[in-house]
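# Notes for the structure review
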Amino acid sequence: MSRQDSDDTRFHDGFCFRPLGSSGLGAVLEFQSNDLDTILAIFRDHAETILGYFYAARGLMVVKELQGIRDDPQALVELSRHFGSEVENYHQTLTSPRFFHDSVDEILILSNAQPCNHLPPPRPVGHGSIPLRTRFPDQVNWHTDQSYRRPPPDITLLLAIELPPRDQGQTLFADCVAALSALAPERQKMLQGLQGIHAPSWIGRSREAVEMGDRQLDLLPHQSPQQQPLVRKHPVSGEKSLYICEEKQMDFVDGPIAGLESGPQGEGAKLLRELLRHATCDEFVYVHEWESGDLVIADNRNLLHCATWYDATQYIRLMWRTTVMGNAGEEYASEEKTWIPRDGSDVMAGMENA
Ligand SMILES: [Fe+2]
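Heads up: these notes are all about the structure in this document. Residue numbers restart at each chain and count upward from 1, following the sequence in its written direction. Where local features are concerned, this predicted model is filtered to residues with pLDDT of at least 70; where side-chain atom pairs are given and counted, the filter is 80 or more; whole-chain, interface and lining totals use all residues.

Moving on: the sheet that holds strand S12 (residues 285-288). Whether two strands pair comes down to DSSP finding at least two bridges between them. By definition, any uninterrupted DSSP run of H or I lasting at least four residues is a helix, any uninterrupted run of E lasting at least two residues is a strand, and each is numbered from the N terminus. Within the open sheet, the three strands sit side by side as S12-S7-S14. Their pairing is antiparallel. Only two strands of the sheet have a single neighbouring strand rather than two, namely S12 and strand S14 (303-307). Averaged over all neighbouring strand pairs, the angle between strand axes comes to 20°, with direction disregarded. Axes here mean lines fitted to C-alpha atoms, for a helix over just the part in contact, with angles spanning 0 to 180 degrees between N-to-C directions.

What follows is the structure in structure tokens.
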């Protein structure tokens, strides 16, 4: 089916770009036809152009009207290949089987429906008001995907399959290049060389777990928390950005910042909270109101993101996700993947409650 406005001169070779907003963060990619085979062919024929727009938009792109992928999930894997040399197989990463797609190993399910049972964050004070309060700590769960692995995944592709009503279940993105460059030069200098300690949320090392005195899991070597530079240099743009996660995905036993006083009340925690508050203030944040068939492609190397509250007692939210890797940057050159067991053990051994 073609658009009625087939004489619309916006489209060249069947596709067009427009900015997502006025800040320079993000681009929208639209197609003249929503036929999936046609769209896949455009991605194949114009991959370099599309990647150029993606990076020019600081690693955030909304692709419209990809509803056709629901009936052809492999198409999501094919699209993902344009954004990195490896589309990750979630059966081989530190991922609970409840998130696995039925038939495609490279797709992760994010949904409040069973068996995934992935619930939204709590409703923040003021949710439903205009504008939405997005800043940490009013809004929680700001993170980059699976930062507890080294090298961490480069880019996430997130496809909306089923959605709650508008104004619920948005995804927020924070521009961590802009956030870093807005810091005072001496603050930026102080951050250089520091390492955050990132950890899975379920191993008893998050801020909340440490404050509650939860049991810490005994970990196999490939499950250990991983240090990541607080300031990363993007391998494509060369720009520097903050690379942090919120308290759920950092290690508050030994960190969250290596070399600074550890624990929920330590100097490291204070610095992390300061940086999160700074990076998530309105001027750096884009709020994505999902529409059915939206595919959002987001660069984990320079963006933070989080999903907002929705009424999970009333609505189902179902997203399909892939992650790609292969170009983490010079800090990770030639590194072995930390999460691959060297002793033949199961990748999730001892993590059955994840
Ligand atoms: Fe995420």
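Attention now goes to helix H7 (residues 267-279). To estimate the expected span of a helix, subtract one from its residue number and multiply by 1.5 Å. When the terminal C-alpha atoms of H7 are compared, their 18 Å separation across 13 residues agrees well with the 18 Å that a helix rising 1.5 Å per residue should span. Residues Gly268, Ala269, Leu271, Leu272, Leu275, Leu276 and Ala279 constitute the buried set of H7. Taken around the axis of H7, the buried residues stretch over an arc of 160°, which confines them to a single face. Note that contacts rest on C-beta atoms placed from the backbone: two residues are in contact if these are within 7 Å. Its buried side turned inward, H7 meets strand S7 (171-175), helix H4 (176-181), helix H6 (207-212), strand S11 (240-242) and S14. Neighbour counting defines burial: a residue surrounded by 20 or more other C-beta atoms within 10 Å of its own C-beta is buried, one with 12 or fewer is exposed, and intermediate counts give partly exposed, using backbone-placed C-beta atoms. By construction, the arc corresponds to the directions joining the helix axis to the C-beta atoms.

Membership of the largest hydrophobic core comes to 73 residues, with the highest contact counts inside it found for Leu159, Ala174, Cys176 and Ile297. Counting residues per element, this core draws most heavily on H7, at six residues. Setting aside anything within four residues of it in sequence, one finds isoleucine 297 in contact with Phe54, Met61, Val63, Phe83, Ile155 and Leu157. A set of buried residues drawn from Ala, Val, Leu, Ile, Met, Phe, Trp, Tyr and Cys, joined through C-beta atoms within 7 Å, is what defines a nonpolar core.

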